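A look at the structure
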Amino acid sequence: MDYISPKEVAGAMMSTAIHKSSLQIKDLLIRGALSGALLAISVTLALMATTQTGLSLVGAFVFPVGFVIIVILGLELVTGSFSLVPLAWLEGKISLRAMLNNLFWAFIGNLIGSVLFATLFWAASTETGQITQLGAIEQALVTISEKKTLGYGLHGAPGLFAAFVKAILCNWMVCMGVVMSMTSKSTLGKILAAGIPIFIFFALGYEHAVVNMFVIPAGMMFGAKVSFSDWWLYNQLIVTAGNIVGGLLFTGMAIYYTHNSKETHTAV
């Protein structure tokens with residue numbers, strides 16, 4: 001049968017976490033960069049759909065395409081790893097150094113890919129700065145970039161806390177997509193299972209660290225009044241922290257500990 005039971009999924013979660021922690025730095029960088037770029041492409045596609053139709057729900061419907069490509073090709077998205085790799089450390093399966101090594105280099109890889117695509121998109125859209133009039137997608141990136149940084153900063157601690165909560169809610173869903181992709185052996189089953197939670201988070205406008213690695217610097221390239229410190233202090237660092245909490249606590253630990261058993265644990 002195509003369907004994989006939750007007990008089997010719990011075992012697969014741990015096996016995947018152990019495998020991820022054993023990847024070499026070059027693999028984390030390559031797979032991470034590809035993931036960052038693919039997610040950035042998906043955001044651009046979603047913004048095109050939204051600006052053309054005037055319906056953000058349409059953009060949310062097409063956004064999961066990049067995520068399912070990442071899942072199917074076995075690439076590295078650090079936000080997904082937040083639910084798995086720390087779990088292996090908590091269970092004593094990997095060392096603290098192995099966990100931190102995996103998350104750090106996956107994060108760097110995601111950042112490289114995201115900023116690379118932002119730069120290429122800027123070059124393509126403006127003919128390397130020759131066209132100054134912004135299109136609908138480019139203007140949307142400027143608006144979103146300022147909203148995701150200066151918008152939170154304007155309200156001080158309550159604004160930053162809101163970003164943190166949105167990040168928790170976001171990666172709860174993103175990591176559900178990661179885990180749900182393990183419930184099927186078929187490509188189509190993985191696409192459907194992984195895509196549903198991703199549609200939810202994007203439709204609700206929650207905060208995803210890797211998405212923001214593209215959206216905010218891209219907006220800056222197109223003229224958003226956002227500084228490097230605005231990007232990291234008002235968004236990137238606090239959203240990353242929220243993504244860790246949401247992914248690990250509400251998905252990784254919740255799913256694993258409710259479905260794991262001695263039999264399943266031994267099989268791993």
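On a predicted model such as this, the values are computed, not experimentally measured, just so you know. (Residues numbered from 1 in each chain as written. Predicted model: local features only at pLDDT ≥ 70, side-chain atom pairs only at ≥ 80, totals over all residues. Heavy atoms only, no water.)

**Quick word on the overall build of the protein**
Secondary structure assignment for the protein yields 13 helices and zero strands. Counting from the amino terminus, the protein carries its helices and strands in the arrangement α-α-α-α-α-α-α-α-α-α-α-α-α. Expected size for 268 residues packed as a compact globule is a radius of gyration near 18 Å; at 18 Å, the protein falls within 12% of this value. Expressed along its principal axes, the backbone C-alpha trace of the protein runs to roughly 60 × 35 × 35 Å. (Helix = DSSP H or I, 4+ residues; strand = E, 2+ residues; numbered from the N terminus. Rg over C-alpha atoms; globule rule 2.2 N^0.38 Å.)

**Brief notes about the packing of aromatic side chains**
Across all of its chains, the model carries 14 aromatic pairs by this definition. Seen in terms of ring centroids, F107 and W232 are 6.3 Å apart; in terms of plane orientation they differ by 55°. Their pairing is tilted. With F107 in helix α7 (residues 96–126) and W232 in helix α12 (residues 228–259), this residue pair connects regions lying 125 residues apart in the sequence. Classification of F107 as buried rests on a relative accessible area of 16%. Pairwise contacts between aromatic rings join F107, F228, W231 and W232 into one cluster. (Phe/Tyr/Trp six-rings, centres within 6.5 Å; stacked < 30°, edge-to-face > 60°. Buried < 20%, exposed > 50% of the residue type's maximum accessible area, 1.4 Å probe, protein only.)

**A word on the nonpolar core**
If you look at the biggest cluster of nonpolar residues, it comprises 63 residues, and the most contacted ones within it are M13, F63, L141, F201 and F214. Element by element, the count of residues in this core is highest for α7, at nine residues. Excluding residues that lie within four positions of it along the chain, F63 makes contacts with L39, S42, V43, A46, I198, F201, F202 and V211. (Core = buried A, V, L, I, M, F, W, Y, C linked by side-chain atoms within 4.5 Å. Contact = heavy atoms within 4.5 Å.)

**A look at the pattern of salt bridges**
Two side chains with opposite charge may pair up if their charged atoms get near one another. Considering all chains together, one arrives at three salt bridges under this definition. Between E207 and K148 there is a salt bridge, and its shortest N-O distance comes to 2.9 Å. Of this pair, E207 sits in the loop between α10 (187–203) and α11 (209–221) while K148 sits in helix α8 (residues 136–153), placing them 59 residues apart in sequence. Across this residue pair, the class does not change: E207 and K148 are buried. (Salt bridge = Lys/Arg side-chain N within 4 Å of Asp/Glu carboxyl O.)

**With respect to helix α1 (residues 6–21)**
For α1, with 16 residues, the first-to-last C-alpha span of 23 Å sits near the 22 Å given by 1.5 Å per residue. Buried residues of α1: V9, A10, G11, M13, M14, A17, K20 and S21, and no others. (Expected span 1.5 Å × (residues − 1).)

**A look at the packing of α8 against α11**
Each pair of packed helices can be summarised by the angle the axes make with each other and by the distance between the axes. Across the interface, α8 lies against α11 with an axial gap of 8 Å and an inter-helix angle of 115°. The pairing of α8 with α11 is recorded here as roughly perpendicular in orientation. Relative to α11, the crossing made by α8 is left-handed. Taking contact as the criterion, the partners of L141, V142, I144, S145, K148 and T149 in α8 are, on α11, N212, F214, V215, I216, A218, G219 and M220. (Axes fitted to C-alpha atoms, helices over the stretch in contact; angles between N-to-C directions. Parallel < 35°, antiparallel > 145°, perpendicular 65-115°, else oblique. Left-handed = near helix turned anticlockwise from the far one by under 90°.)

**What to know about the UniProt feature "transmembrane region" (unreviewed entry) in the protein**
If you check UniProt for "transmembrane region" (unreviewed entry), the listed places come out as residues 28–49, 61–90, 102–124, 160–179, 191–211 and 231–257 in our numbering. Segment residues 102–124 splits into 100% helix and 0% strand. End C-alpha atoms: 33 Å apart. Between the C-alpha atoms that bound residues 191–211 the distance is 19 Å, and the span itself is 76% helix and 0% strand. (UniProt positions renumbered as here; feature names shortened; annotations may be inferred.)

**Details of the environment of L29**
Summarising the element assignment, L29 is placed in helix α2 (residues 25–53). When the C-alpha positions of L29 and N110 are compared, they lie 7.6 Å apart, and in sequence the two are 81 residues distant. The contact partners of L29, leaving out residues within four places of it in the chain, are W105, I108, G109 and I112.

**Here's the deal with the environment of V9**
With respect to the helices, strands and loops of the structure, V9 is situated in helix α1. Note on V9: relative accessible area 2%, which makes it buried. For the pair V9 and G80, spaced 71 residues apart in sequence, the C-alpha to C-alpha distance is 15 Å. Setting aside its immediate chain neighbours within four residues, V9 contacts I4, V179, M182 and T183.

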